[in-house]
Amino acid sequence: GAVVSQHPSRVICKSGTSVKIECRSLDFQATTMFWYRQFPKQSLMLMATSNEGSKATYEQGVEKDKFLINHASLTLSTLTVTSAHPEDSSFYICSAGGWGQGNQPQHFGDGTRLSIL
Amino acid sequence: SQQGEEDPQALSIQEGENATMNCSYKTSINNLQWYRQNSGRGLVHLILIRSNEREKHSGRLRVTLDTSKKSSSLLITASRAADTASYFCATDAKGAQKLVFGQGTRLTINP
């Protein structure tokens with residue numbers, strides 16, 4: 001079946017560091033990918049929709065310059081948390097699926113736990 | 001914004017019992033999906049029910065959808081310890097092209 005790979009699974013770094021997270025669709029092409037943030041014991045909050053070959057669509061309240069998204073190919077989207085601070089510590093999850101193909105489920109990566117010291 | 005409300009927020013039952021989780025939403029939808037999340041992992045798709053469907057089964061899972069009440073339920077029969085996880089409903093709102101997740105139900109199955 002379809003698989004989405006997310007890397008790295010865990011990052012621990014100092015405040016001020018920029019962190020890049022990759023999301024790959026392994027056996028299908030994804031023109032659209034989604035980036036979520038999840039706090040402990042809470043639901044997923046959509047941050048942005050990553051569109052292949054065009055600018056990402058950010059949800060209200062999400063800083064575009066803080067969370068840079070690049071979707072340069074049909075199988076890869078990256079999320080860069082720039083100049084990360086402790087409040088950016090969270091669990092980040094990506095998903096991809098055949099949105100253009102009608103009612104299809106999303107396939108999720110295993111998430112990246114980001115800890116900023 | 002999260003439009004889905006789920007109840008209960010937490011549910012603890014004995015192995016072998018049935019578990020029922022409910023989800024309510026606010027807008028018109030194309031479909032509603034249920035996902036499962038083990039602690040610290042990504043989400044796994046369980047079942048999708050279209051807006052013109054009322055009930056769907058998959059193994060030990062049974063999902064109902066009542067669009068007039070804007071609500072859905074997920075029933076897990078004959079629960080197992082391995083069913084312990086968080087369960088989320090997600091709606092695909094018409095025209096939105098994105099999923100909106102409910103708050104989730106944390107299910108614990110006691111051996």
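For the structure, see preceding data.
All figures in this text were calculated on a predicted structure; none of them were measured in a lab.

Draft legend 1. Broad picture of the state of the cysteines. Counted under the stated rule, the structure contains two disulfides over all chains. A disulfide bridge connects Cys23(A) with Cys94(A), and the sulfur atoms are separated by 2.0 Å. Between Cys23(A) and Cys94(A) the disulfide shows an S-S torsion of about 85°. By sign, it is right-handed. Placement of Cys23(A) in strand β3 (residues 19-25) and of Cys94(A) in strand β9 (residues 90-96) is noted, with a sequence separation of 71 residues between them. In this model, Cys23(B) is linked to Cys89(B) through a disulfide, with the two sulfur atoms separated by 2.0 Å. For the disulfide bridge between Cys23(B) and Cys89(B), the dihedral angle about the S-S bond is near 70°, and by the sign convention the bridge is right-handed. Of this pair, Cys23(B) sits in strand β3 (residues 19-24) while Cys89(B) sits in strand β9 (residues 85-93), and the two are 66 residues apart along the sequence. Each member of the pair, Cys23(B) together with Cys89(B), is buried.

Draft legend 2. Summary view of the interface of chain A and chain B. With 21 residues of chain A in contact, the opposing surface of chain B contributes 22 residues. Both faces considered, chain A and chain B share a buried interface measuring about 1,800 Å² in area, 52% of it formed by carbon and sulfur atoms. In this structure, the connection of chain A to chain B is made through two salt bridges. With a closest N to O distance of 2.8 Å, Lys98(B) and Glu59(A) form a salt bridge. For the pair chain A and chain B, the number of links is six residue pairs in polar contact (both at pLDDT 80 or more). Here the residues of the side of chain A that touches chain B sort into 10 nonpolar, seven polar and four charged.

Draft legend 3. Geometry of the pairing of strand β4 (residues 32-38) of chain A. Residue and element names in this part refer to chain A. When you tally the buried positions in β4, you get seven out of seven residues, the bulk of the element. Here β4 shows no split at all, with Thr32, Phe34, Tyr36 and Gln38 on one side and Met33, Trp35 and Arg37 on the other all buried. Direction of pairing for β4 relative to strand β5 (residues 44-51): antiparallel, over a ladder of seven bridges. Bridged to Arg37 within β5 is Met45. Hairpin connection from β4 to β5: five residues lie between these consecutive antiparallel strands, with Lys41 at a positive phi of about 60°. Of the pairings in the sheet, the one linking β4 to β9 comprises six bridges and is antiparallel in character. Of the residues in β9, the one forming a bridge with Phe34 is Ser95.

Draft legend 4. Broad picture of the sheet that holds β3(A). Residues and elements named next belong to chain A. If you trace the four strands from one edge of the open sheet to the other, you get β1-β3-β8-β7, paired in antiparallel fashion. Each edge of the open sheet carries a strand with a single partner, namely β1 (4-7) and β7 (67-73). The mean inter-strand angle of the sheet, taken between neighbouring strand axes irrespective of direction, is 15°. Pairing of β3 with strand β8 (residues 76-81), which is carried by six bridges, proceeds in the antiparallel orientation. Across the sheet, the residue bridging to Lys20 is Thr80, located in β8.

Draft legend 5. A look at the sheet that holds strand β7 (residues 61-66) of chain B. Residues and elements named next belong to chain B. Here we have five strands laid out as an open sheet, ordered β1-β3-β8-β7-β6, and antiparallel in their pairing. Among the strands making up the open sheet, the edge pair consists of β1 (5-7) and β6 (55-58). Going from strand to strand, the sheet's axes swing by 15° on average, the running direction of each strand aside. Bridge analysis of β7 against strand β8 (residues 71-76) gives six bridges, and the strand direction is antiparallel. Looking at the pairing, Leu65 lines up with Ser72 of β8.

Draft legend 6. View of the nonpolar core. Of all hydrophobic cores here, the largest spans 25 residues; its most connected members are Trp35(A), Tyr58(A), Phe67(A), Ile69(A), Leu79(A), Tyr92(A) and Leu114(A). Mapped onto this core, the elements with two or more residues apiece are β2 (10-13), β3, β4, β5, β7, β8, β9 and β11 (112-116) of chain A. With residues near it in sequence (within four places) discarded, Leu114(A) still touches Val11(A), Cys13(A), Val19(A), Val81(A), Asp88(A), Ser89(A), Ser90(A) and Tyr92(A). Residues Ala19(B), Ile76(B), Tyr87(B) and Ile109(B) belong to the second largest nonpolar core, which totals 20 residues.

Calculation criteria
- Residues numbered from 1 in each chain as written.
- Chains lettered and ligands numbered in written order.
- Predicted model: local features only at pLDDT ≥ 70, side-chain atom pairs only at ≥ 80, totals over all residues.
- Heavy atoms only, no water.
- Disulfide = S-S within 2.5 Å.
- Helix = DSSP H or I, 4+ residues; strand = E, 2+ residues; numbered from the N terminus.
- Buried < 20%, exposed > 50% of the residue type's maximum accessible area, 1.4 Å probe, protein only.
- Contact = heavy atoms within 4.5 Å.
- Buried area = accessible area lost by both parts, 1.4 Å probe.
- Salt bridge = Lys/Arg side-chain N within 4 Å of Asp/Glu carboxyl O.
- Polar contact = N/O pair within 3.5 Å; in protein donor to acceptor, adjacent residues only side chain to side chain.
- Nonpolar A, V, L, I, M, F, W, Y, C, P; charged D, E, K, R; others polar.
- Pairing = 2+ DSSP bridges.
- Axes fitted to C-alpha atoms, helices over the stretch in contact; angles between N-to-C directions.
- Core = buried A, V, L, I, M, F, W, Y, C linked by side-chain atoms within 4.5 Å.

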